[in-house]
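Descriptive structure summary
In case you want the letters, here they are:
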Amino acid sequence: MGIGKMMSSDDMVDFFGEVSMILDDNDVETDRDFQEKYTCAMNRMRYLRNKEHPVPVKIIKGRRPSMDVISCGNCGFGGLAGKRHYKFCPHCGYTIKWPDWGMGKEGGKDSEQAAEEKEE
């Protein structure tokens, strides 16, 4: 790895897990607080990794579409109905993955068909 290169968050968590095993195997002396600080840092990295992966919303169908209950797939926050512009859950901060509902980004067209129309 050179300067400016990065690894994915999944690889980062795996790498630091391996580092902890290496430190345990070699009986490396560390500060008293090192284990607690290391655990806190690992928890933070896991949290950030999980936050990157979108969580699909949970939809409980009502009798009419306006009566649907839409909640966050992670924490269950139920205030997402009618707020499709949200990219993150306001309660837990996880990325929200909204269903397509047949509309897509190009109004229901295939991505290939939309790309062809843009070229013309």
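1. Some details on the overall build of the protein
Each helix and strand in the protein was counted, giving three helices and four strands. For the protein, the α and β elements follow one another from N to C terminus as α-α-β-β-β-β-α. Burial statistics for the protein: of 120 residues in total, 18% are counted as buried. Within the structure as shown, the protein displays about 9,700 Å² of accessible surface, and the carbon and sulfur contribution to it stands at 52%.

2. Topic: the packing of helix α1 (residues 9-25) against helix α2 (residues 34-52)
Packed helices, taken two at a time, are described by the angle between their axes plus the distance between the axes. Where α1 contacts α2, the axes come no closer than 9 Å and their chain directions differ by 160°. With respect to each other, α1 and α2 are oriented roughly antiparallel. For the crossing formed where α1 meets α2, the hand is left-handed. Contact residues: Ser9, Asp10, Met12, Val13, Phe16, Gly17, Val19, Ser20 and Leu23 in α1; Phe34, Tyr38, Met42, Met45, Arg46, Arg49 and Glu52 in α2. Its residues assigned to classes, the contact of α1 with α2 shows nine nonpolar, three polar and four charged.

3. A few points about the confidence of the model for the protein
Detailed conclusions should not be drawn from predicted coordinates in areas where pLDDT is low. On average, the protein scores 77 in pLDDT, and the residues at 70 or more come to 80%. Helix α3 (residues 111-119) is the least confidently modelled element of the protein, averaging 54 in pLDDT, while strand β3 (residues 69-71) averages 87, the highest of any element.

4. Some points on α2
Taking 1.5 Å per residue, 19 residues should reach 27 Å; α2 reaches 27 Å between its end C-alpha atoms and fits that length. Of the residues making up α2, those classed as buried are Tyr38, Met42, Met45 and Arg49. The buried side chains of α2 occupy one side of the element, clustering within an arc of 65° when seen end-on. Opposite the packed face of α2, turned more than 90 degrees from it, sit the exposed residues Glu36 and Lys37. Contact partners of the buried residues in α2: α1.

5. A look at the side chain of Asp68
Mapped onto the fold, Asp68 is located in the loop between β2 (58-60) and β3. For the buried residue Asp68, which engages in no salt bridge, the nearest side chain bearing the opposite charge is Lys61, 4.1 Å off. At a separation of 2.8 Å, a polar atom in the side chain of Asp68 contacts the main-chain amide nitrogen of Gly62. In this view, Asp68 contacts Ile59, Ile60, Lys61, Gly62 and Ala81; residues no more than four positions away in its chain are not counted.

About the criteria used
Within any chain, residue numbers begin from 1 and follow the written order of that chain's sequence. In view of the model being predicted, local features appear only for residues whose pLDDT reaches at least 70, and side-chain atom pairs are presented and counted only at 80 or more, with totals across whole chains, interfaces and linings using the full set of residues. Values shown for side chains rest on all heavy atoms present in the structure; no hydrogens or waters enter the calculation. Strands are runs of DSSP state E lasting at least two residues, helices are runs of H or I lasting at least four, and both sets are numbered from the N terminus onward. Only protein chains enter the accessibility calculation, which uses a 1.4 Å probe. A residue is then buried if its area is under 20% of the maximum for its type, exposed if over 50%, and partly exposed in between. Residue-level accessible areas treat just the shown protein chains as cover; the underlying method is Shrake-Rupley with a 1.4 Å probe. Axes here refer to lines fitted to C-alpha atoms; in helices the fit is confined to the stretch in contact. Angles between the N-to-C directions go from 0 to 180 degrees. An angle below 35 degrees is read as roughly parallel, one above 145 as roughly antiparallel, one from 65 to 115 as roughly perpendicular, and any other as oblique. The hand of a helix crossing depends on one turn: near helix anticlockwise from the far one by less than a right angle means left-handed, and clockwise means right-handed. We call two residues in contact when some of their heavy atoms are within 4.5 Å. Side-chain classes are defined by residue name, with Ala, Val, Leu, Ile, Met, Phe, Trp, Tyr, Cys and Pro counting as nonpolar, Asp, Glu, Lys and Arg as charged, and the others, Gly among them, as polar. Values of pLDDT, the confidence the predictor places in each residue, fall between 0 and 100. The span one expects for a helix is its residue count, reduced by one, times 1.5 Å. Along the arc lie the directions from the helix axis toward the C-beta atoms. Residues scored as charged are limited to Lys and Arg (positive) and Asp and Glu (negative), so that His and the chain ends carry no count. Salt bridges are counted wherever a side-chain nitrogen of Lys or Arg sits within 4 Å of a carboxyl oxygen of Asp or Glu. Counting of polar contacts relies on pairs of N or O atoms within 3.5 Å, with two restrictions inside protein: one atom must be capable of donating a hydrogen and the other of accepting it, and residues adjacent in sequence are counted only when both atoms are side-chain atoms.

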